[in-house]
Each structure stands twice: as C-alpha cells, then as structure tokens.
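Structural characterization, general
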Amino acid sequence: AQSVTQLDSQVPVFEEAPVELRCNYSSSVSVYLFWYVQYPNQGLQLLLKYLSGSTLVKGINGFEAEFNKSQTSFHLRKPSVHISDTAEYFCAVSARYSGAGSYQLTFGKGTKLSVIP
Amino acid sequence: GAGVSQSPSNKVTEKGKDVELRCDPISGHTALYWYRQSLGQGLEFLIYFQGNSAPDKSGLPSDRFSAERTGGSVSTLTIQRTQQEDSAVYLCASSLLTSGTNEQFFGPGTRLTVL
C-alpha cells in the first residue's frame, strides 16, 4: 500500500516569488509519481509525472518537480508564480507494477496555493 | 477531442433520497474510476472498472453506494438513501492504459449537497 503526505495545507505567496509545494510518500514497492492541479470548480489536470529516467521533471505552466528516492519526496517548484497559479495542487502515487491494485492512484490531501498580488 | 464529462454538475437532494451521477469517459479509454472529494479529505478512491473484468468496489464506503458501467463506456454512480455525510464532489476519471503509469484524465465533477 502507498500513502502520500502533503506537508502544507495552504501556501500563500506573493506574485513573481518562487514557491515549493512539498510531497512525501511511503510505499513498499517502487512507484510512479504525479502532480495534479485543480482550479476552482474544475476537475483535476495533470501537471507532470515521474515515470523513470531523469529525476527532474518539467511540466506545464513552468512547474517542475524533483524525485528524491532516498528522501521519498517529490516536491513541486516554480521559480516565479502568477495570479493564475492560484489553485489546489495534489500529489499522487501509483505502484510500479502490473497487477491487482496497481491502477489505483493514492492522493495526498492537497495544498492550496494562493498567489497574492 | 472531448474530455471526460459528468452530469449533473450540481445536485441538491434531501436526506433519504436516491441520486444518480453520470460519467462519460474519453472515447476508447478502457479504465474508469470514481473518486469522492470531501472538504479537507483529499480524494478518496471509490470504484474502478476495467473492460469486462469485475469492478474493484473496495473503496465504496457503504452498501448504499453502487456503480455500473454499461457497454464499457458510460458509468452511473448511485447513492441510495442519501445522508448528509455523502455531501461531496464526486469525480470520475478514465485512462487508456492500465499499467502502473496510469495517467488518469478527470471530469469536472458533480457537487452533491444533501440537505
């Protein structure tokens, strides 16, 4: 089984400042890692994913995340945020194998990013 | 192309009534998922359909919840005798692959309010 912890439920940040949203996971097997974004009154949209290879993953809207296996972390970063980045961000994992339960995404509880003008 | 669609977008019902929520997955996606998003609780897995296989119902919170997927496409989530604690946003997702890469595409959700 997997679990995901998003350490901050809310993160306020000024416009054009950098931001880091933290995500740690726990799993007995290797995992794939995802970040989703949810804008108000909308569904979830995939920001980026780590499957294999380079541990630094770049996604849409200027976001990037770094997989750190030793620290079991997958923190999301953006060097300069915009007002339009105000949304809720979810970290998720799925097991890196084919078989029963592998299809399940386990989500963290989300981090609400508020960008202040 | 068209994404995942859900209807209705909002549903207000009285305690004890039954409700049906509908999901139209992306055409060709064989896997379909239902999640519940409650305030402050993140996303909770409810049920998973894959092709003609028996669905994984392990996430359904009680026997008042059931779901069907007809013809391998449209799915309906039914909640019988609704309770106030059922109030939440119900999200549907679909995916093309059922390997662990599992990139799921989400619909906009149905916001259910039980009075």
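You'll find the structure just up there.
Residues numbered from 1 in each chain as written. Chains lettered and ligands numbered in written order. Predicted model: local features only at pLDDT ≥ 70, side-chain atom pairs only at ≥ 80, totals over all residues. Heavy atoms only, no water.

Another point: the interface of chain B and chain A. Taken residue by residue, the interface counts 23 residues in chain B and 24 residues in chain A. Each partner contributes to the roughly 1,800 Å² buried at the junction of chain B and chain A, and carbon and sulfur atoms together form 53% of this total. Put simply, chain B and chain A have 1 salt bridge between them. Residue Glu103(B) pairs with Lys49(A) through a salt bridge whose shortest N-O separation is 2.6 Å. Here chain B and chain A share 3 residue pairs in polar contact (both at pLDDT 80 or more) between them. For the side of chain B that touches chain A, the secondary structure elements donating two or more residues are β4 (31-38) and β5 (42-50) of chain B. Class assignment for the residues of the side of chain B that touches chain A results in 8 nonpolar, 12 polar and 3 charged. (Contact = heavy atoms within 4.5 Å. Buried area = accessible area lost by both parts, 1.4 Å probe. Salt bridge = Lys/Arg side-chain N within 4 Å of Asp/Glu carboxyl O. Polar contact = N/O pair within 3.5 Å; in protein donor to acceptor, adjacent residues only side chain to side chain. Helix = DSSP H or I, 4+ residues; strand = E, 2+ residues; numbered from the N terminus. Nonpolar A, V, L, I, M, F, W, Y, C, P; charged D, E, K, R; others polar.)

When you line up the elements, Tyr90(B) lands in strand β8 (residues 88-95). Note: C-alpha distance between Tyr90(B) and Glu14(B) (76 residues apart in sequence) is 17 Å.

Next up on the list: the state of the cysteines. Counting across every chain of the model gives 2 disulfides over all chains. One disulfide bridge connects Cys23(A) with Cys91(A), the sulfur atoms lying 2.0 Å from each other. Given an S-S torsion of about -65°, the disulfide between Cys23(A) and Cys91(A) has left-handed geometry. One end of the pair, Cys23(A), is in the loop between β3 (19-21) and β4 (24-27); the other, Cys91(A), is in strand β10 (residues 87-95), and 68 residues separate them in sequence. Like Cys23(A), the residue Cys91(A) is buried in the burial classification. The disulfide partner of Cys23(B) is Cys92(B), and the gap between their sulfur atoms is 1.8 Å. (Disulfide = S-S within 2.5 Å. Buried < 20%, exposed > 50% of the residue type's maximum accessible area, 1.4 Å probe, protein only.)

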